[in-house]
Every structure is written in C-alpha cells, then in structure tokens.
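Structural features, examined
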Amino acid sequence: MNRFSGKTVLVTGGSSGIGFAAAQAFIAEGARVVITGRDAQALDRAKAELGSMALSVRNETGTAAAARELAAALEEAGVRLDAVFFNAGVAKFASLAQADEALWDLIFDSNVKGVFFQLQALSPLLNQGASIVLNGSINAHIGMPNTAIYGASKAALISFAKTLSAELLPRGVRVNVVSPGPVTTPLYGKLGLQADQVAAAAESIRGQVPAGRFGEPREVAATVLHLASSESAFIVGTEIVIDGGMSQL
C-alpha cells in the first residue's frame, strides 16, 4: 500500500522504539519522514537506516523555544506536514514520598508542555486535513504505584486530543491518541533502574497482561498509521488503547 505517497510526516523521538518503528512504517507506505531526537549520534544512525526518504532534526522537547526552533528548521527546509506523531517523552517513576519538583518539571515539560508548544509552533506548517497523533499511555487509566506524575502527564494528552481537535477541526485537522501498554522498547532501560530491577519489573508487568506478553513497537506503529491516514477520517478526539487487555480485562 502507498497510503502516504507524496505526503510528509514528522515523528518526534523517532530515533528508537515506537517512534523509529512508526518512521519505518510511514516510509514503507511512501511518506517522506522527518525524525527528531536529542541524541545526534542516535539520530544519524536512525536516518542512515531509514534511508533517503528520511530527514533528521536534532531537537529536545520541553520548551517553547525548542518548539519554535523545530518549526523554523522545518520551514527553512520547505517542509509542510500532512501528519505528526508526537512520540517524544520521558518515563520516570517515583513514589509520592520520593517525588520532587525536579521530577515533576522534567515529566510535565517533556510530555505536556513540549507537545503543546510544538503543536502551536508547527500549526502554520500543517496542511489542510492533517492528522495529529499523540503518544499516551495506559498509565493515565490504571492505578500503578509510583506513576502518579507520569500518568497525569499522559492524561493531559488525552484531554488535548479532545480540546485541540475541537479547535483545529475547522482546518480539517484531527487529533487522536494511541495509549500503549507495556511495549518492548529502549524506554525501559532509561528508568534509572539496575538491569536486574528492570528484568524483575518487566516480569511482574508481563504477568498482568492478559495477552501474556509485551507489545511490539510495530504493533503500535500500525495504529499510528491508521489514525494518521484518511481511512480514519471519522475518528476525532479519540484514544485507542494498545495493551494486550491489561487495562481492559
């Protein structure tokens, strides 16, 4: 299929995990893809693997200034956007007793403020009928200990999908959310835990998934492509949960 032939898509946090899988899937469907990330070397490796249909821009989500820099770089390159997958974010966990203001600011700046101001800055570059997909999480719905700040940041994105769709629909722009459950990505290695702690946590989580396994990045990417394509034109302000039944059964 070539659902995105002649279209340009931006994937933030596109150098690994779900973002990279989405970039691969968009390119396979004919899109030119722009990926962003904070690690220049990881971006270079991802761009090389994605091939000639990929562009890369080093950019960190989290501030309005960085959002404006991203928009300026794309405008200078003559980029107009048909879809954006806001995937970049931070997942760090702490208990109520241990959480501090620095953790709050890191998570909300990366996961909420960054997304809002990126969309604001990129809005003039969106083509009529563009689709926005936000990467949420089932932690917005389940009472998992130590995830209060992270879960709240993802709940904000679900709200964004509704309020920003209502605001952007006159331009034909839709905003939707994919909310993955546990997915096999490098993110789990960035939680600040030792390898044995990560393994123990993964095993505990796997036992809570009715499907009996972690999801794969490509499985989330498939839903991102559906929401970004014209075939989902009647899906507006909606969240699609991809979690093997973890939050549903």
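Residues numbered from 1 in each chain as written. Predicted model: local features only at pLDDT ≥ 70, side-chain atom pairs only at ≥ 80, totals over all residues. Heavy atoms only, no water.

1. Some points on the UniProt feature "domain: Ketoreductase" (unreviewed entry) in the protein
So the rule is basically this: UniProt positions are given in the numbering used here, feature names are shortened, and annotations may be inferred rather than shown by experiment. Secondary structure elements are taken from DSSP: a helix is a run of H or I of four residues or more, a strand is a run of E of two residues or more, and numbering for both begins at the N terminus.
Sites flagged by UniProt as "domain: Ketoreductase" (unreviewed entry) map to residues 7-181. Between the C-alpha atoms that bound residues 7-181 there is a distance of 29 Å. The span itself is 45% helix and 22% strand.

2. Digging into the packing of helix α3 (residues 64-76) against helix α4 (residues 101-122)
Heads up, the rule is: An axis is simply a line fitted to the C-alpha atoms; with a helix, the fit covers only the stretch in contact. Between two such axes, the angle follows the N-to-C directions and lies from 0 to 180 degrees. Crossings are sorted by hand: turned counterclockwise from the far helix by less than a right angle, the near helix makes the crossing left-handed, and turned clockwise it makes it right-handed. By definition, residues are in contact when any of their heavy atoms lie within 4.5 Å. Here the nonpolar group is Ala, Val, Leu, Ile, Met, Phe, Trp, Tyr, Cys and Pro; Asp, Glu, Lys and Arg are the charged ones; every other residue, Gly included, is treated as polar.
For the pair α3 and α4, interaxial distance at closest approach is 8 Å and the crossing angle is 35 degrees. Along this stretch, α3 crosses α4, giving a crossing that reads as right-handed. Where α3 approaches α4, its residues Ala64, Ala67, Arg68, Leu70, Ala71 and Leu74 are matched on the opposing element by Phe117, Gln118, Ala121 and Leu122. Residues belonging to the contact of α3 with α4 are distributed by class as follows: 8 nonpolar, 1 polar and 1 charged.

3. Concerning the side chain of Asn139
The line we're drawing: The buried label applies to any residue whose accessible area, calculated with a 1.4 Å probe on protein chains only, is under 20% of its type's maximum; exposed applies above 50%, and partly exposed to all values in between.
Mapped onto the secondary structure, Asn139 falls in the loop between β5 (126-135) and α5 (148-168). Residue Asn139 is classed as buried on the basis of its relative accessible area of 13%. With sequence-adjacent residues up to four places away left out, Asn139 is seen in contact with Met144, Thr147, Tyr150 and Gly151.

4. A word on the packing of aromatic side chains
Where we set the bar: Any Phe, Tyr or Trp ring, taking Trp's six-membered ring, that has another such ring centre within 6.5 Å forms a pair; planes under 30 degrees apart are called stacked, those over 60 apart edge-to-face, and the others tilted.
In the structure shown here, the tally under the stated rule is 5 aromatic pairs. On the basis of an interplanar angle of 80 degrees and a centroid distance of 5.0 Å, the ring pair of Phe4 and Phe26 is categorised as edge-to-face. Residue Phe4 is found in the segment before β1 (8-11), and its partner Phe26 is found in helix α1 (residues 17-28); the two are separated by 22 residues along the sequence. The residues Phe4 and Phe26 share a single accessibility class, namely buried. Grouped by ring-pair contacts, the aromatic residues Phe116, Phe117 and Phe160 constitute a single cluster.

5. A look at the environment of Gly129
Inspection of the secondary structure assignment puts Gly129 in strand β5. Relative accessible area serves as the criterion here: at 43%, Gly129 is assigned to the partly exposed category. Separated by 39 residues in the primary sequence, Gly129 and Val90 have C-alpha atoms spaced 29 Å apart. Apart from the residues lying within four places of it in its own chain, the contact partners of Gly129 are Arg171 and Gly172.

6. Observations concerning helix α2 (residues 40-50)
Put simply, the rule is: When we speak of the arc, we mean the arc of directions from the helix axis to the C-beta atoms.
Those residues of α2 not exposed but buried are Ala42, Leu43, Ala46 and Leu50. Down the axis, α2 shows its buried residues gathered within 100 degrees of arc, on one side only. Summarising the geometry of α2, the exposed residues directed more than 90 degrees from the buried face are Gln41, Asp44, Arg45 and Ala48. Lining the buried residues of α2 we find α1, β2 (32-37) and β3 (54-58).

7. Re the side chain of Thr12
Filter applied, for reference: Pairing of N or O atoms within 3.5 Å defines a polar contact, subject to two protein rules: one partner must be a possible hydrogen donor and the other a possible acceptor, and residues neighboring in sequence count only if both atoms are side-chain atoms.
Structurally, Thr12 can be placed in the loop between β1 and α1. Accessibility expressed as a relative area gives 1% for Thr12, which makes it buried. Within polar-contact distance, the side chain of Thr12 engages the backbone nitrogen of Ala88 at 3.0 Å. If we ignore the near neighbours within four places in the chain, the residues touching Thr12 are Thr36, Phe85, Phe86, Asn87, Ala88 and Gln118.

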